Amino acid sequence: MKKDNNLRFNIPIAKTAFTEAELDAVLKPLESGWVVQGPYVQEFEQKWSAFTGAKHSIATTSCTTALELSLVALGIKPDDEIIVPAFTWIATANVVEHLQAKVVFCDIDLNTFNIDVNKIEELLTEKTRAIIPVHLFGLSADMAPVIEIARKHDLLIIEDAACGFGAFYQGKHVGNFGDTGCFSFHPRKSITTGEGGMITTNDDKLAVKLRSLRDHGAMTSDLQRHHGSKPYLLPEFPYAGYNYRLTDIQASIGCAQMNRADEILEARISLAEKYRTFLDTIPWLQCPYHHVEYQHGFQAYVCLFNPEKITTANIETTHKKRNQFMEYLQGKGISTRPGTHTVHLLEYYRKKYSINPNDFFKALVADHCSIAFPLFPTLTGEELNYIFKAISGFSI
Ligand SMILES: Cc1ncc(COP(=O)(O)O)c(C=O)c1O
């Protein structure tokens, strides 16, 4: 790679937004001695429900385990078919595989990078049980048609809202549209606890089952038992559950992050607006989808590198050019990444399902030609201008 001698910055793709508050937060559970699924997990769940408007929030160890618990709690069985967008992080499909159910990929809409709702119905069979719409990069999937299809065909909806913090659709936060919504607190996400996840649901019975399943199948949590009248008796276990309990150390960090939730979201939206204003002058980069019914949470700022209409004939050339652009920016100390990957191209899925890459052509285009630019609340105006200048200096 050619190094730029005038390099002035080294800008990562993402940076965790920790302050003194998170540093103090780590100490609190350690001082109290209660470090697993205790008062801070409860507080984090309450804060999450207050922000998203979901009736129940159930913390887990990751979004992956949140998705898995949702599928188990909703009764997904081997051979059930689950519709999953082809362009997503591999975890969305892996959880289906873990239950010996069948992943049925659906192509995406290149304007939004989310599931193409017009392609879902043609994939349905007698075995279809659920749809997992993904709210990629902080943009809600088009939920009204997804809900309509699910109602018509009696299907479950599990929202993969890993990137969905701050994503609203028709005025409602994601995680409120399906049977469950599953969020991630991985460091690339807008709110982070290191690792961590959250399930939201508005179904009381399902919430009880999910709480039990994440805690070995126990009907009473340790916190409830210790504060109850008979702490010396162990609870009943109606399910063969899992240990997907979040620690209080992580939850305490989560609480500190949620105290600044609006500030974190506003910072991301404001940076995204600056990107848009600048990128409107660059015709070969398609900006993130913008529509009055959607509020984008901007977990990532992902564009389509699209100098001309991408076809099967020119996709490899465009892909090469996108990679040259990424290498050029890396040489200037600016990190970029592909938006995410398309799962049908990954070895396990390629081999198991014998899929032709062109079967989901738009997912293939997103895989080969998307580009995420640096976005994190502490990104400075100076760094942003440096990025803009660098982009302007690239000739396609
Ligand atoms: C769309 C999507 N789904 C699921 C996950 C898995 O989240 P976690 O790492 O919290 O398990 C991710 C994480 O990157 C993701 O982006």
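These figures come from a predicted structure and were not determined experimentally.

Draft legend 1. How the structure looks around the overall build of the chain. Counting its secondary structure elements, the chain contains 13 helices and 13 strands. Rg of the C-alpha trace for the chain: 22 Å, near the compact-globule value of 21 Å for 396 residues, within the 12% margin. A principal-axis box enclosing the C-alpha atoms of the chain has dimensions of 70 × 55 × 35 Å. Evaluated residue by residue, the chain yields a buried proportion of 47% over its 396 residues. Pairs at least 24 apart in sequence give 70% of the contacts found in the chain among residues at least 6 apart.

Draft legend 2. Here's a closer look at the site of the ligand. Around the ligand sit 14 residues, and of these Ser62, Cys63, Thr64, Ala162 and Ser184 come closest. Taken together, the elements giving at least two residues each to the shell around the ligand come down to helix H3 (63-73) and helix H4 (91-98). Considering only residue class, the shell around the ligand consists of six nonpolar, seven polar and one charged.

Draft legend 3. Geometry of unusual backbone geometry. Positive phi values are uncommon outside glycine, yet Phe137 reaches one of about 60 degrees. With respect to the secondary-structure elements, Phe137 resides in the loop between strand S4 (128-131) and helix H5 (143-153). Backbone geometry at His216 places phi at a positive 65 degrees, although glycine is not the residue there. Within the element layout of this structure, His216 appears in the loop between helix H6 (204-213) and helix H7 (222-227).

Draft legend 4. Geometry of the sheet that holds S4. Here we have seven strands laid out as an open sheet, ordered S1-S9-S8-S5-S4-S2-S3, and mixed in their pairing. In this open sheet, the two edge strands, each paired with only one partner strand, are strand S1 (56-60) and strand S3 (102-106). Each neighbouring strand pair of the sheet contributes to a mean axis angle of 25 degrees, computed without reference to strand direction. Direction of pairing for strand S2 (residues 81-85) relative to S4: parallel, over a ladder of three bridges. Pairing of Ile82 across the sheet is with Ala130, part of S4. Lying over the sheet, helix H2 (residues 39-52) contacts S1 and strand S9 (197-201), oriented at roughly 130 degrees with respect to S1.

Draft legend 5. Layout of H3. Within H3, eleven of the eleven residues are buried, which leaves it mostly tucked inside the rest of the structure. Those residues of H3 not exposed but buried are Cys63, Thr64, Thr65, Ala66, Leu67, Glu68, Leu69, Ser70, Leu71, Val72 and Ala73. On its buried face, H3 sits against S1, H4, strand S5 (156-160), strand S8 (180-184), S9 and H6.

Draft legend 6. A look at the sheet that holds strand S11 (residues 294-295). Read from one edge of the open sheet, three strands run S7-S6-S11, paired in antiparallel fashion. In the strand order of this sheet, the two ends are held by strand S7 (172-173) and S11, each with one partner.

Draft legend 7. Highlighting the domain arrangement of the chain. Domain annotation for the chain reports domain 1 (20-259) and domain 2 (261-392). Computed over C-alpha atoms, the centres of domain 1 and domain 2 are 26 Å apart. Listed per partner, the contact involves 33 residues of domain 1 and 30 residues of domain 2. Elements represented by at least two residues in the side of domain 1 that touches domain 2 include exactly strand S6 (168-169) and helix H8 (248-259).

So, how was this worked out
Residues numbered from 1 in each chain as written. Predicted model: local features only at pLDDT ≥ 70, side-chain atom pairs only at ≥ 80, totals over all residues. Helix = DSSP H or I, 4+ residues; strand = E, 2+ residues; numbered from the N terminus. Rg over C-alpha atoms; globule rule 2.2 N^0.38 Å. Buried ≥ 20, exposed ≤ 12 C-beta atoms within 10 Å, placed from the backbone. Contact = placed C-beta atoms within 7 Å. Near = placed C-beta within 6 Å. Nonpolar A, V, L, I, M, F, W, Y, C, P; charged D, E, K, R; others polar. Pairing = 2+ DSSP bridges. Axes fitted to C-alpha atoms, helices over the stretch in contact; angles between N-to-C directions. Domains from an automatic or database assignment.

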